[in-house]
Amino acid sequence: MITTFGNMKKIGILIDDGYHDLEFWIPYYRLKEENIEFDILAWEDRAYKGQFAIDSVKPTKLLSQPLDDYGLIFSPGAKSPENLLKNPGTVPLVREMYEGGTTFATICHSPLLLAEAGLIKGMKIAGHPTIKPIIEKAGATYIDLPIVKSSEQLISGRTHFDLNIFMPELLREIRSL
């Protein structure tokens, strides 16, 4: 049985090669345990491997298809955000979705997607400590906390070590859509 929580909009997990395995697979299985439907979003129809190559995953929807019905996009970190940014369509897509009202849940290095899209100026952002200079250059304040609700449309988390704090907030956010 799939739980839809009323008229909940779609949930997407945005990936590319090099995603942090724990930051992908733990949310993946938590969403499945909660019977929440979601799509795995990527640019190409192929298998994507995580940083530690625990397993690979294929997208269920390509980013070149219309994505106007997504209420929340979750993006795991590690190298995935950097690889996503190699595609020239990523920044305009992230900006369009955010400006259209889509909520983003980021962790580790994935706030880079919103920083590159110019969407975090004036916000407080959590993320991996190594991206602090990039966050600050984008006009945001880096916060060294497990999770930060940066705005009504942005939840940011620090690292995979904080998934036990991040996941309950992510699930609350999904249920509120």
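Keep in mind it's a predicted model, so treat the numbers as computed, not measured.

A. Spotlight on the nonpolar core. The biggest cluster of nonpolar side chains holds 27 residues, and the ones touching the most others in it are Leu63, Phe104, Leu114 and Ile120. Looking at this core, the elements with two or more residues in it are strand E6 (70-75), helix H3 (90-99) and helix H4 (111-116). Every residue in contact with leucine 114, bar those within four places of it in the chain, is listed here: Val94, Tyr98, Phe104, Thr106, Leu119, Ile120 and Leu154. In this structure, Ile13, Leu31, Ile155 and Ile174 belong to the second largest nonpolar core, which totals 26 residues.

B. Region of the structure containing the sheet that holds strand E10 (residues 147-151). Ordered in space as E5-E2-E1-E6-E7-E11-E10, the seven strands form an open sheet in which the pairing is mixed. Lying at the two open borders of the sheet, with one neighbouring strand each, are strand E5 (61-62) and E10. Bridge count for strand E7 (residues 103-107) against strand E11 (residues 154-157) is four bridges, and the pairing is parallel. Bridge assignment links alanine 105 to a residue of E11, and that residue is isoleucine 155. Packed onto the sheet, helix H1 (residues 21-33) meets strand E1 (10-14), strand E2 (39-42), E6 and E7 and runs at close to 160° relative to E1. Sitting on the sheet, helix H6 (residues 163-175) touches E1, E6, E7, E10 and E11, and the angle it makes with E7 is about 170°.

C. Local environment of empty space enclosed by the protein. Taken as a whole, this structure holds one cavity of 30 Å³ or more when the rule is applied. There is about 30 Å³ of room inside the largest cavity. The dominant element in the lining of the largest cavity, judged by the number of residues it contributes, is H3, at three residues. Considered class by class, the residues forming the lining of the largest cavity number eight nonpolar, no polar and no charged.

D. Representation of H6 in the model. With 13 residues, H6 should cover 18 Å at 1.5 Å per step; its first-to-last C-alpha distance of 18 Å lies within 8% of that length. When H6 is considered as a whole, its buried residues turn out to be Leu163, Phe166, Met167, Leu170, Leu171, Glu173 and Ile174. Along the long axis of H6, the arc covered by the buried residues comes to 160°, so they all point the same way.

Parameters at a glance
Residues numbered from 1 in each chain as written. Predicted model: local features only at pLDDT ≥ 70, side-chain atom pairs only at ≥ 80, totals over all residues. Heavy atoms only, no water. Core = buried A, V, L, I, M, F, W, Y, C linked by side-chain atoms within 4.5 Å. Buried < 20%, exposed > 50% of the residue type's maximum accessible area, 1.4 Å probe, protein only. Helix = DSSP H or I, 4+ residues; strand = E, 2+ residues; numbered from the N terminus. Contact = heavy atoms within 4.5 Å. Pairing = 2+ DSSP bridges. Axes fitted to C-alpha atoms, helices over the stretch in contact; angles between N-to-C directions. 1 Å grid on protein atoms, 1.4 Å probe; cavity = no way out; pocket = protein on both sides within 12 Å on 5 of 7 lines; lining within 4 Å. Points joined across faces, edges and corners; volume = space filled by probe spheres on them. Nonpolar A, V, L, I, M, F, W, Y, C, P; charged D, E, K, R; others polar. Expected span 1.5 Å × (residues − 1). Arc of directions from axis to C-beta.

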